[in-house]
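# Fold and geometry: a report
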Amino acid sequence: MLYQNPVFIPGPTNIPEVIRKACDMPTLDHRSNQFKDILHPAREGVRRILKSQQAEVLLLTASGTGGWETAITNTLSAGDRVVIARNGMFSHRWIDMCERHGLAVTVIETPWGEGLPADRYEEVLRKDEQHEIKAVLATHNETATGVVSDIQAIRAAMTAAKHPALLMVDGVSSIGSMDFRFDEWEVDIAVTGSQKGFMLPVGLAIVGFSPKAIAAVETANLPRTYFDIRDMLKSYASGGYPYTPAVGLMNGLKVACDILLEEGLDNVFHRHRHIADGVRAAIEAWGLELCAKQPEWYSNTVSAIRTPAGFDATKIVTHAADVYHVAFGVGLGEVAGKVFRIGHLGSLSDVMALSGIATAEMCMRDLGLDIPLGKGVAAAQEVYRQPAELENRDAA
Ligand SMILES: *Cc1c(COP(=O)(O)O)cnc(C)c1O
């Protein structure tokens, strides 16, 4: 079986050849100096992508979910209050994790398809005069609904309420593909994973801690062993790792950061916006709607597309996989069967996106939806074509 087609799931994402090769390395003694030369540049690369001068970057053998657990268990104690909005499946899962750890969770129920309501966060925080809330949790990009939220507005809500809680942000499907400003937004903990914007196989939880978050570790009493960042930081200080590290993935991470920084973060973000604009033009040409209700919430890394009422959206995903060997994302939770998702993050170009749009079109047509072939593709092509540059080249 040859896997030639790109995937259009919002993680795991396509892995560039050069990154795959960087992960594929002979065994190396992680207690040797060679390991230091992988660990430190990888952490430094992530810190730069987070746009932070001061974050301590932790690389843990886990997926993004392990990053959530690292964030809460290292900084919170049993019974601590936290506040978090639920606007999709991923925020829901983080809430579930907090509850299972015995935290008192104030959930701000938010319609799926909307962004995080900063005003309601502010309301909750203002009422908490005793400062019982220890952490504010926010999902930067809700991968289930294709909704991006304004993290700066959440920080502004905390500032307006003069609330000292920690700000923890799930940036799993945004970091490395959409702008994320750890220092400017005064984020205390940022969580991501290797298999989304970093274009790597799954296997690393990547977490940034601010000095304030690090300070909270000493008094936090939630049980933790494997994810205790004190062991991590102590080992990092001498260039080591407290257990056997996923060296190949870390080497891949170092290369992935180099690639992103070499392209330039602004260019990376622009590329994602451009690809997403084409996908959105196609969706409009199909006469379909995004799950995200307002343009301000349109995600540049994933589009969740509502299919007509009575049509099972999951059929598109199954058909695409079985017949065309192309992967799209299914709807999750509340929007299961109502949306299918086109992931457009990580290693992707506009030309690759055209193949995904064309395949989605074939699937919808095969399944009897009234969508003429080529309509969405043409709309995306209009976004992607660059006639001005062609003219310049012809003139030269
Ligand atoms: C993918 C993802 C996660 C983490 O999932 P894992 O499968 O554990 O890596 C968390 N939050 C968001 C928003 C995600 O997209």
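Scroll up for the structure.
Residues numbered from 1 in each chain as written. Predicted model: local features only at pLDDT ≥ 70, side-chain atom pairs only at ≥ 80, totals over all residues. Heavy atoms only, no water.

## Things to note about the site of the ligand
Which entries qualify depends on this criterion: For each residue, the test is whether any non-hydrogen atom lies within 4 Å of the molecule or strand; if one does, the residue is near. The term polar contact refers here to a pair of N or O atoms within 3.5 Å; inside protein, the definition further demands a hydrogen-donor-capable atom paired with an acceptor-capable atom, and it admits residues adjacent in sequence only when both atoms are side-chain atoms. Only runs of H or I of at least four residues qualify as helices and only runs of E of at least two qualify as strands under DSSP, and these elements are numbered from the N terminus.
Around the ligand, the structure places Ser63, Gly64, Thr65, Trp68, Phe90, Asn141, Thr143, Asp170, Val172, Ser173, Gln195 and Lys196. Contacts to the ligand include Thr143, whose side-chain N or O atom sits 2.5 Å from an oxygen atom. In this structure, an oxygen atom belonging to the ligand sits 2.7 Å away from a side-chain N or O atom of Gln195. The greatest single-element share of the shell around the ligand, amounting to three residues, is contributed by helix 3 (residues 64-75).

## Here's the deal with the sheet that holds strand 13 (residues 339-343)
In a beta sheet, neighbouring strands pair by backbone hydrogen bonds and run either parallel or antiparallel. Filter applied, for reference: A strand pair is defined by DSSP finding two or more bridges across the two strands.
Here we have four strands laid out as an open sheet, ordered 10-11-13-12, and antiparallel in their pairing. Among the strands making up the open sheet, the edge pair consists of strand 10 (289-290) and strand 12 (329-330). Pairing of strand 11 (residues 302-306) with strand 13 involves five bridges; the strand directions are antiparallel. Following the sheet pairing, Ser303 is matched in strand 13 by Ile342.

## What to know about the environment of Glu44
Note the cut-off: Throughout this description, buried means an accessible area under 20% of the type-specific maximum (1.4 Å probe, protein chains only), exposed means over 50%, and partly exposed covers the range between.
Along the chain, Glu44 falls in helix 2 (residues 33-49). With a relative accessible area of 34%, Glu44 lands in the partly exposed category. Spatially, the C-alpha atom of Glu44 lies 9.6 Å from that of Ala55, the residues being eleven residues apart in sequence. A distance of 2.6 Å separates the side chain of Glu44 from the side chain of Arg47, its partner in a polar contact.

## Structural notes on the environment of Ser210
Quick note on the threshold: Pairs of residues are marked as contacts when any of their non-hydrogen atoms sit within 4.5 Å.
As for its placement among the helices and strands, Ser210 is situated in the loop between strand 9 (204-209) and helix 7 (211-216). As for Ser210 and Leu167, which are separated by 43 residues in sequence, their C-alpha atoms are 9.8 Å apart. When neighbours within four sequence positions are excluded, Ser210 is seen to be in contact with Phe182, Val187 and Asp188.

## Structural notes on the side chain of Asn87
Along the chain, the position of Asn87 falls in the loop between strand 2 (81-86) and helix 4 (89-100). Classification of Asn87 as buried rests on a relative accessible area of 0%. Within the local environment of Asn87, its side chain forms a polar contact with the backbone oxygen of Glu114, the two atoms lying 2.9 Å apart. The contacts of Asn87, once residues within four sequence positions are left out, are Thr110, Pro111, Trp112, Gly113, Glu114, Gly115, Leu116, Glu142, Thr145, Val147 and Ser149.

## So, the sheet that holds strand 2
Quick reminder of the rule: As a rule, the C-alpha atoms of each element are fitted with a line to give its axis, helices using only the stretch in contact, and angles between N-to-C directions run from 0 to 180 degrees.
Reading across the sheet, the seven strands line up as 1-9-8-7-4-2-3 and stay open at both edges, with mixed pairing between neighbours. One side of each edge strand has no neighbouring strand; the edge strands of this open sheet are strand 1 (56-61) and strand 3 (104-109). Averaged over all pairs of adjacent strands, the angle between their axes in this sheet comes to 20 degrees, without regard to strand direction. Across four bridges, the pairing between strand 2 and strand 4 (residues 133-139) is parallel.

## Observations regarding the environment of Gly45
The residue Gly45 is located in helix 2 in this model. For the pair Gly45 and Leu260, spaced 215 residues apart in the sequence, the C-alpha separation amounts to 9.2 Å. Filtering out sequence-adjacent residues up to four positions away, Gly45 remains in contact with Cys257 and Leu261.

## Focus: the nonpolar core
Heads up, the condition is: In this description, a nonpolar core means a group of buried Ala, Val, Leu, Ile, Met, Phe, Trp, Tyr and Cys residues linked to one another through side-chain atoms lying within 4.5 Å.
Counting 98 residues, the largest nonpolar core has Met168, Phe198 and Leu253 as its most contacted members. Tallying contributions element by element places helix 9 (residues 247-263) first for this core, with eight residues. Residue contacts for Leu253: discarding those within four places in its chain leaves Ala42, Val46, Leu59, Phe198, Leu200, Leu204 and Ile206. Judged by nonpolar contacts, the second largest core, of 29 residues, contains Trp286, Ile316, Leu348 and Ala360.

## Notes on the pairing of strand 9
By the criterion of burial, strand 9 is predominantly enclosed, with six of the six residues buried. Side chains Leu204, Ile206 and Gly208 of strand 9 all project onto a buried face; the interleaved residues Ala205, Val207 and Phe209 project onto the opposite face, where all are buried too. For strand 1 and strand 9, the ladder comprises six bridges, and the chain directions are antiparallel. Each residue of the ladder has a partner; that of Leu58, found in strand 9, is Val207. Sheet topology note: the strand 8 (residues 189-193)/strand 9 ladder contains five bridges and is antiparallel. Each bridged residue has a counterpart across the sheet, and for Val191 the counterpart in strand 9 is Val207.

## Comments concerning the packing of helix 5 (residues 118-127) against helix 6 (residues 151-160)
Let me state the cut-off plainly: We call two directions roughly parallel when the angle between them is under 35 degrees, roughly antiparallel when it is over 145, roughly perpendicular when it lies between 65 and 115, and oblique otherwise. In this scheme the handedness of a crossing depends on how the near helix is turned from the far one: anticlockwise by less than a right angle means left-handed, clockwise means right-handed.
Two elements in contact, helix 5 and helix 6, have axes whose closest approach is 9 Å; the angle formed by their N-to-C orientations is 25 degrees. Between helix 5 and helix 6, the crossing angle belongs to the class labelled roughly parallel. When the axes of helix 5 and helix 6 are compared, the crossing they make is right-handed. For the pair helix 5 and helix 6, the contacting residues are Ala118, Tyr121, Glu122, Leu125 and Arg126 in the first and Ala153, Ile154, Ala157, Met158 and Ala160 in the second.

## Let's talk about helix 2
Threshold: Expected helix span is given by 1.5 Å per residue-to-residue step, counting one fewer step than there are residues.
Between its terminal C-alpha atoms helix 2 stretches 25 Å, which fits the 24 Å expected from 17 residues at 1.5 Å a residue. Considered for burial, the residues of helix 2 that qualify are Phe35, Ile38, Leu39, Ala42, Arg43, Gly45, Val46, Arg47 and Ile49. Of the residues one or two after helix 2, Lys51 is the one with positive phi, at around 55 degrees.

Purely spatial values, then, with no claim about function.
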